[in-house]
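Listed here are the chains, written in short residue letters.
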Amino acid sequence: MSDDITKIINELHIYEKKLLKELEKDENITPDKIAENTGMDIKSVMSAAGSLASKDIIIMEKDVEEHFQLTSDGALFADEGLPERRVINVLKEKKQIPMKDLMGAAGLQKFEVNIAMGWLVRKNWAKIDKGVISITEKGENAFNNLGSDEELLSILKIKHIINPFELPNNLLKGLNELKNRKNLLKDTKKVDHSFKLTPLGSKILETGITIKEQATQLTHEQLESGEYEKLSYRPYDINAESPNIFPGKMHPLRKIIEEIRDIFLNMGFTESDGDILNSAFWNFDSLFQPQDHAAREMQDTFYVKNPARVDLPDEELVERVARTHEDGGETSSEGWGYKWDVEVAKQSVLRTHTTGISTKYLESHEPPFKMFSVGRVFRRETINYKHLPEFHQVEGVVAGENINFQNLLGILREFYKKLGFTQVRFRPAYFPYTYLSIETEVFFEEKDSWIELGGAGMFRPEVLKPLGIDTPALAFGLGIERLAMLRYDINDIRMLYKSDIKWLRELPLDKGIKLD
Ligand SMILES: N[C@@H](Cc1ccccc1)C(=O)O
């Protein structure tokens, strides 16, 4: 216990100690007096007191004192008498006054007439009948006797301010009567604080507190001379509550993109990128996607008006691609058997996938290589909880003599495993540019379902040959937003783009399955 007390004392702020010392000298000391004695300002006294109270060392008591003063109407009535009194003074002799003569007869101001009549009747000092006011017996008696309200009024006239607790009962009655009248009194409330030691507080004082100046900021000299060793320091309460701080951090989508980049870089891939504004040639034609393919339709693809056409690469390459579309060119394929149109290939589009980056890379690099790329893609989708017209893909291509379908499955499995998804499966799919083609799905336990995350396959010779590649090449293009939704447990893809500050602040970025 005494250990605890010492600990509490050690953690007291110097202002708290000063306040306690003052209380030790005089247990009825006021906050103002403490401020005066210690040289602290009153705010510091009150906050030290608040802090002591929160630690149960003192109790803060609040005394609210109410005082009453006269308003200007009140002061007028105190000087001249209440309006009904002034009427009685005249009625005592006249016995009756016609109502219309009241103002002149009793010397009332206009606003006092109604007040006088009201209270004459309420106090039963007069009766009104057919426009004539006549005095009652009670009124006769009142002539010589001041009411308690009037007595209080005359006291207020001299004292100006009174505290109800100081009044005897009869005057308290008078106060209540005056309070019931409109506009005669105003009250002011004064709050006084007083401090009482709790048993813990008394114990602390018994143990004894010493006030030593404490070092708050060390100077270079104090450190150098070793003086810091002799200074006294106030210990910190490391369990004290602290405000929440929300430092800047990476956006969750950016975070997962960075993770994905790390994974591929660590797997020995080279990063590449491409333009968002692309020619249909790179986006579609280089991928052996026929010019009447459904994916090229206006309702799926954003065609750009300005520039409406994009320059094509060198003519020989274009020619090789054209021939492959028409009759298979140098490949053993028969092609699509239609007349290829260079104008269609020149159309400018917002890339619908990142696979065009891979064909461009294949065209300008010699295998063997492993390339990946992360980028935004655009499709004409109606916005809903699952779809956005722009999203991210991670694209990859691996080309070399011995590259095969097994390698593709292995790379995909490895990639998802590193991201924390261990159950991956592949389903047959179709893309015009790959054979074999697959869709990859990962199993998401919390939803107990398989979720489709992207396409992959072995590039067809119709793609590779015109680009000058003679080795096999595997390729994949995987959605990133869906992975982010699984990782951060959100059901609506829009959350990733909404800048919901509460969600962003509270989301733990390291959430997710731990990597090995
Ligand atoms: N480009 C395809 C994915 C894919 C990439 C590479 C090979 C096969 C498929 C898509 O957008 O879904």
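Residues numbered from 1 in each chain as written. Predicted model: local features only at pLDDT ≥ 70, side-chain atom pairs only at ≥ 80, totals over all residues. Heavy atoms only, no water.

Caption draft 1: Looking closely at the overall build of the chain. Looking only at helices and strands, the chain has 22 helices and 15 strands in total. Against the 2.2 N^0.38 benchmark of 24 Å for 516 residues, the chain shows a C-alpha radius of gyration of 46 Å, more extended than a compact globule. Taking all 516 residues of the chain together, the buried fraction comes to 43%. Split by element, the accessible area of the chain, about 29,100 Å² in all, is 50% carbon and sulfur. (Helix = DSSP H or I, 4+ residues; strand = E, 2+ residues; numbered from the N terminus. Rg over C-alpha atoms; globule rule 2.2 N^0.38 Å. Buried < 20%, exposed > 50% of the residue type's maximum accessible area, 1.4 Å probe, protein only. Areas by Shrake-Rupley, 256 points an atom, 1.4 Å probe, with all protein chains shown as cover.)

Caption draft 2: Expanded view of the packing of aromatic side chains. Per the counting criterion, the structure on display carries 12 aromatic pairs. With a centroid separation of 5.6 Å and an interplanar angle of 20 degrees, the aromatic rings of Phe-264 and Phe-476 are classed as stacked. Taken together, the positions of Phe-264 in helix 14 (residues 252-266) and Phe-476 in strand 15 (residues 473-479) put the pair 212 residues apart, joining distant regions of the chain. With a centroid separation of 5.1 Å and 55 degrees between ring planes, the pair formed by Phe-443 and Trp-450 is classed as tilted. Cluster of aromatic residues (ring-pair linked, three or more members): Phe-264, Phe-269, Phe-372, Phe-415, Tyr-416 and Phe-476. (Phe/Tyr/Trp six-rings, centres within 6.5 Å; stacked < 30°, edge-to-face > 60°.)

Caption draft 3: How the structure looks around a negative patch on the surface. Taken together, the side chains of Asp-292, Glu-297, Asp-300 and Glu-381 make up a negatively charged region of the molecular surface. Tracing the backbone shows Asp-292 in the loop between helix 15 (280-283) and helix 16 (315-327). (Patch = residues over 30% accessible without salt bridge, like charges linked within 9 Å, V, L, I, M, F, W, Y side chains within 5 Å. Salt bridge = Lys/Arg side-chain N within 4 Å of Asp/Glu carboxyl O. Lys, Arg positive; Asp, Glu negative; His and termini not counted. Charge placed at Lys NZ, Arg CZ, Asp CG, Glu CD.)

Caption draft 4: Geometry of the site of the ligand. Near the ligand there are 13 residues, and of these His-353, Thr-355, Arg-379, Gln-393 and Tyr-433 occur at the shortest range. Here a nitrogen atom of the ligand sits 2.8 Å away from a polar atom, N or O, in the side chain of Thr-355. If the ligand stood free it would expose 330 Å²; the protein chains cover 92% of that surface. Of all the secondary structure elements, the ones that give two or more residues to the shell around the ligand are strand 11 (390-399), strand 14 (449-459) and strand 15. Looking at the shell around the ligand residue by residue, the classes come out as five nonpolar, six polar and two charged. (Near = heavy atom within 4 Å. Polar contact = N/O pair within 3.5 Å; in protein donor to acceptor, adjacent residues only side chain to side chain. Nonpolar A, V, L, I, M, F, W, Y, C, P; charged D, E, K, R; others polar.)

Caption draft 5: Summary view of the pattern of salt bridges. Under the counting rule described, the total for this entry stands at 32 salt bridges. Between Arg-85 and Glu-150 there is a salt bridge; the shortest N-O distance is 2.9 Å. Placement of the pair is Arg-85 in helix 6 (residues 83-94) and Glu-150 in helix 10 (residues 148-159), with a sequence separation of 65 residues. Of the two residues, Arg-85 and Glu-150, neither departs from the other in class, the shared state being buried. When the shortest N-O distance is used, the salt bridge between Asp-285 and Arg-296 registers 2.9 Å. Of this pair, Asp-285 sits in the loop between helix 15 and helix 16 while Arg-296 sits in the loop between helix 15 and helix 16, placing them 11 residues apart in sequence. Since its relative accessible area comes to 1%, Asp-285 is described here as buried.

Caption draft 6: Representation of the sheet that holds strand 1 (residues 58-70) within the structure. The strand order across the open sheet built from three strands is 5-1-6, with neighbouring strands paired in antiparallel fashion. This sheet does not close on itself; its edge strands, each paired only once, are strand 5 (161-162) and strand 6 (185-197). Examined bridge by bridge, strand 1 and strand 6 share 13 bridges and lie antiparallel to one another. Of the residues in strand 6, the one forming a bridge with Met-60 is Phe-195. (Pairing = 2+ DSSP bridges.)

Caption draft 7: Structural context of the nonpolar core. If you look at the biggest cluster of nonpolar residues, it comprises 47 residues, and the most contacted ones within it are Phe-264, Val-394, Phe-415, Tyr-416 and Phe-476. Looking at this core element by element, the count peaks at seven residues for helix 19 (residues 405-419). Setting aside residues up to four positions removed in sequence, Phe-476 forms contacts with Phe-264, Phe-269, Val-394, Glu-395, Gly-396, Leu-408, Ile-411, Leu-412, Gly-455 and Ala-456. Of all hydrophobic cores here, the second largest spans 27 residues; its members include Val-397, Phe-459, Ala-473 and Ala-475. (Core = buried A, V, L, I, M, F, W, Y, C linked by side-chain atoms within 4.5 Å. Contact = heavy atoms within 4.5 Å.)

Caption draft 8: Expanded view of the domain arrangement of the chain. Taken domain by domain, the chain consists of domain 1 (1-57 + 198-238), domain 2 (69-189) and domain 3 (254-506). Domain 1 and domain 2 are separated by 58 Å when their C-alpha centres are compared. (Domains from an automatic or database assignment.)

Caption draft 9: Examining the sheet that holds strand 12 (residues 424-428) more closely. Strand order in the open sheet made by the seven strands is 7-10-11-15-14-13-12, with mixed pairing throughout. Taken across any chain shown, the strands that pair with only one partner, and hence form the sheet edges, are strand 7 (270-271) and strand 12. As judged from the five bridges shared by strand 12 and strand 13 (residues 434-444), these two strands associate in the antiparallel manner. By the bridge assignment, Pro-428 is partnered in strand 13 with Ile-438. Across the sheet, helix 21 (residues 481-488) lies against strand 11, strand 13, strand 14 and strand 15, angled at about 150 degrees from strand 14, the strand it touches most. (Axes fitted to C-alpha atoms, helices over the stretch in contact; angles between N-to-C directions.)

Caption draft 10: Quick peek at a nonpolar patch on the surface. A grouping of Leu-218, Leu-223, Tyr-228 and Tyr-233 is seen on the molecular surface, where their side chains present a nonpolar patch of about 350 Å² in accessible area. Among the secondary structure elements, Tyr-228 is positioned in the loop between helix 13 (220-225) and helix 14. For Tyr-228, a relative accessible area of 32% translates into the label partly exposed.

Caption draft 11: Quick peek at the pairing of strand 14. Across the 11 residues of strand 14, eight count as buried, placing the element largely inside the fold. Taking the residues between adjacent antiparallel strands as the criterion, strand 13 and strand 14 are bridged by four residues, where Asp-448 takes a positive phi near 50 degrees. Across five bridges, strand 14 lies against strand 15 in antiparallel orientation. By the bridge assignment for strand 15, Gly-455 is matched with Gly-477.

Caption draft 12: Summary view of unusual backbone geometry. With an omega dihedral of 5 degrees, the bond running from Pro-367 to Pro-368 counts as a cis peptide bond. Within the element layout of this structure, Pro-368 appears in the loop between helix 18 (355-364) and strand 10 (369-378). Along the chain, Tyr-435 connects to Leu-436 via a cis peptide bond; the corresponding omega equals -5 degrees. Mapped onto the elements, Leu-436 comes out in strand 13. The backbone of Asn-183 sits at a positive phi, close to 70 degrees, despite the residue not being glycine. By the element assignment, Asn-183 lies in the loop between helix 11 (169-180) and strand 6. We classify Asn-183 as exposed; its relative accessible area is 55%.

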